[in-house]
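Structural overview for review
Single-letter residue listing:
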Amino acid sequence: MSREGSSRRWLLLAAAVVLTILAAWWASLGDPPPPTVRAVEFPQRMRPEEEARAERRRTIAAPPRAAPVADGPAPTEAPRDPLLRALTAPKGELVVVAEANALRHSPIGERLVDCFGRKARRELDQFRDELGIDPLEDVDRIALDGANILVSGTFGKARWDTGEWSKDRAFGDAGRILSKGDRSLAVWRDEIIVFAPGGETDLEAAIDRIEGRSQAAPVLSEGDSYGDAYGRIPVDGLVELLGADQPALAEKLKAAARSVDLHVDASHDLAFTVDVPGESSAAMADLADAVSGALTLARLQAKASGQDEFAELLGFAGVRRGDGGFSLDLAVPLELMERHLGAICPPEEDAKAAAEGP
Amino acid sequence: MRAVAHVAFDLLLEARSRRWFLALGGAITLILGVIALFLRLDVVDGTLAATRLFGADLGGSAEPVAAALRPLFSASAWIVFYGGIAFGIVACSDFGPRLLGPGRIELLLSLPLRRAELLVGTWLGVLCIALLGTAFGAGGLTLILGWKTGVWSPGPLAAGALACVSFGVIYAAMLAATLWSRSAALSAGVGFALLFAGVVAGHRDDALAVFQPGVGREVFRYATLLLPRVSAVCRDAMAIAASDAFDPLGLLARVGAMAAFAGAALALAAWRFEGKDF
């Protein structure tokens with residue numbers, strides 16, 4: 001081949017490459033903007049700051065165990081977190097702990113307080129003036145233990161005597177039971193307040209658990225206490241929830257899973273992790289596949305039906321398979337929450353201007 | 001340019017002399033005839049009859065009727081688009097191999113023609129056949145639907161025009177494949193493979209949603225970036241046919257990109273052709 005022919009061939013090859021690049025660029029102009037997919041940090045295990053937090057909360061000594069040798073001293077375990085010790089869910093009910101203070105100071109918590117706190121400021125101030133408790137600052141954790149509610153925090157300034165909680169009796173080493181008509185609550189060491197619809201018997205049982213006089217084992221261990229909210233959901237409750245829409249999935253869940261653990265992280269986005277441990281690894285693998293398939297299908301349906309925001313949300317969802325179980329990750333990005341909150345709660349300046357009027 | 005036009009014209013003459021094309025033309029005519037004779041589209045007739053029966057205008061207008069017929073026009077655009085491309089791939093897959101056939105290629109190369117001109121002329125000739133077939137099929141369908149429904153929409157014609165643009169890219173790739181292996185089956189295979197890949201590329205945004213972030217997702221993103229968005233152009237054709245909203249700038253970008261893809265495939269084919277000994 002002549003030199004001219006050879007150079008013409010190279011020119012044609014170069015033209016093919018340039019035209020392909022041009023075509024790719026041109027075609028991309030007509031494409032919709034790519035969805036923003038960024039990494040979300042899901043709560044998977046205790047982080048160093050959570051380990052330090054758990055250590056700070058070990059404020060009560062464990063009860064002495066039976067001595068192995070008759071004459072020797074009774075060995076003791078390390079001190080424990082009194083709130084976690086109080087949670088037993090005797091009927092296998094829902095147990096959830098919300099790190100109220102961490103949630104309140106999280107980005108979305110700050111925004112929510114800005115939004116709804118403006119409206120509720122007067123009531124909150126009134127509550128603080130009457131009882132000496134600032135719900136936004138003094139409360140550390142709120143736990144739901146079946147029908148009981150436990151609140152931990154700093155309640156040293158609480159003025160129970162100024163209210164109508166007139167009847168006050170001591171119980172256990174550091175507990176008090178206060179009554180107001182037919183209602184009662186328990187306060188332990190000015191650190192934990194217990195509300196129990198079952199009455200004083202349940203309140204006494206809760207203090208017994210805190211102080212180690214109960215044989216009931218705590219539902220959540222210290223190792224479970226990571227994230228800004230954590231807890232255990234009974235499988236039956238979840239099956240009932242799924243039953244109507246996803247009966248097959250509900251049946252699989254009932255057959256395979258022992259329990260369902262929930263962890264929520266709100267340090268930036270709102271990230272949920274649902275851990276599903278199980279007995280049979282084959283059944284759990286099937287269940288993980290079914291959940292993963294349902295997520296993919298839902299994402300495609302949302303995309304096809306033009307529900308782009310929902311499809312974007314499902315884009316953050318995923319299934320992680322582990323030893324003998326799996327974890328389901330779900331997330332709501334901070335930007336999305338702020339966008340929706342912005343529509344409900346305009347910034348303070350706008351609200352002021354709207355209130356003042358023209 | 002004149003040489004290119006001559007090659008294209010010769011190809012048209014050759015197509016006319018082949019029974020295969022006559023049979024396919026007859027098949028299109030038969031389908032149009034069946035649609036014309038047996039399709040029950042008495043929406044407008046019914047509206048007019050009701051008006052006559054009650055002796056007054058019932059408040060209906062051509063607009064709601066046209067809206068009711070949108071799915072029909074949309075479906076006809078889909079059929080014209082994909083049917084036209086599939087028809088083109090099957091009917092034109094052996095033009096390239098015949099061009100390069102022993103005896104004929106030597107004759108063509110002995111003429112005062114550049115190889116690139118021969119290639120572009122063949123591509124243009126096939127594109128003219130596709131345009132004629134589309135004009136006949138889509139034009140006939142437009143007339144029949146207009147006659148039967150009373151709603152005159154150029155939708156099928158627009159879909160046909162966009163099908164020709166998409167077929168142009170696919171045929172350029174088929175022609176390039178012929179220069180590696182002189183086989184009509186391979187040429188048709190490449191055509192259908194590119195059609196399928198183009199359908200996937202047109203849905204790349206939806207498909208990306210099911211990929212987890214990582215290497216696989218990026219590979220898919222960049223691989224589909226290099227493909228013509230066939231199904232996206234079909235969606236535009238269906239929207240035009242149904243008088244639905246569509247993004248004209250997006251369509252312009254996709255059509256422009258298809259022209260560039262076709263140019264790239266022809267340049268690659270010419271590069272191969274120039275270096276090939278016969």
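An account of the accompanying structure is given in this report. (Residues numbered from 1 in each chain as written. Chains lettered and ligands numbered in written order. Predicted model: local features only at pLDDT ≥ 70, side-chain atom pairs only at ≥ 80, totals over all residues. Heavy atoms only, no water.)

Points about the side chain of R209(A)
All names here are of chain A. With respect to the element layout, R209 can be found in helix α6 (residues 200-210). At 2.7 Å, the side chain of R209 and the backbone oxygen of A86 are in polar contact. With near-sequence residues (within four places) excluded, R209 lies in contact with R85, A86, T88, D145, N148, S214 and A216. (Helix = DSSP H or I, 4+ residues; strand = E, 2+ residues; numbered from the N terminus. Polar contact = N/O pair within 3.5 Å; in protein donor to acceptor, adjacent residues only side chain to side chain. Contact = heavy atoms within 4.5 Å.)

Things to note about the pairing of strand β9 (residues 260-265) of chain A
Residue and element names in this part refer to chain A. Across the six residues of β9, six count as buried, placing the element largely inside the fold. Burial of the side chains of β9 extends over both faces: V260, L262 and V264 are buried on one face and D261, H263 and D265 on the other. Where β9 lies against strand β10 (residues 270-277), five bridges are found, and the strand directions are antiparallel. Each bridged residue has a counterpart across the sheet, and for H263 the counterpart in β10 is T273. Counting the residues that bridge the hairpin from β9 to β10 gives four residues. (Buried < 20%, exposed > 50% of the residue type's maximum accessible area, 1.4 Å probe, protein only. Pairing = 2+ DSSP bridges.)

Some remarks on helix α2 (residues 48-56) of chain A
Count 3.6 residues to each turn of an α-helix, and residues three or four apart come out pointing the same way. All names here are of chain A. All of the buried residues in α2 are E50, R53 and A54. Down the axis of α2, the buried set is contained in an arc of 100°. They therefore lie on one face. Of the residues in α2, the exposed ones pointing more than 90 degrees away from the buried face are P48, E55 and R56. (Arc of directions from axis to C-beta.)

A few points about the interface of chain B and chain A
With 27 residues of chain B in contact, the opposing surface of chain A contributes 26 residues. In this assembly, chain B packs against chain A so that about 2,400 Å² is buried in total across both faces, 68% of it on carbon and sulfur atoms. The largest per-residue losses of area from chain B upon contact with chain A belong to D205(B), W271(B) and E274(B), which jointly make up 23% of the total buried on that side. R8(A) serves as the salt-bridge partner of E274(B), at 3.1 Å between the closest nitrogen and oxygen. Counting the contacts that link chain B with chain A gives two residue pairs in polar contact (both at pLDDT 80 or more). Sorting the residues of the side of chain B that touches chain A by element identifies α11 (204-208), α12 (215-225) and α14 (248-274) of chain B as the ones contributing at least two each. (Buried area = accessible area lost by both parts, 1.4 Å probe. Salt bridge = Lys/Arg side-chain N within 4 Å of Asp/Glu carboxyl O.)

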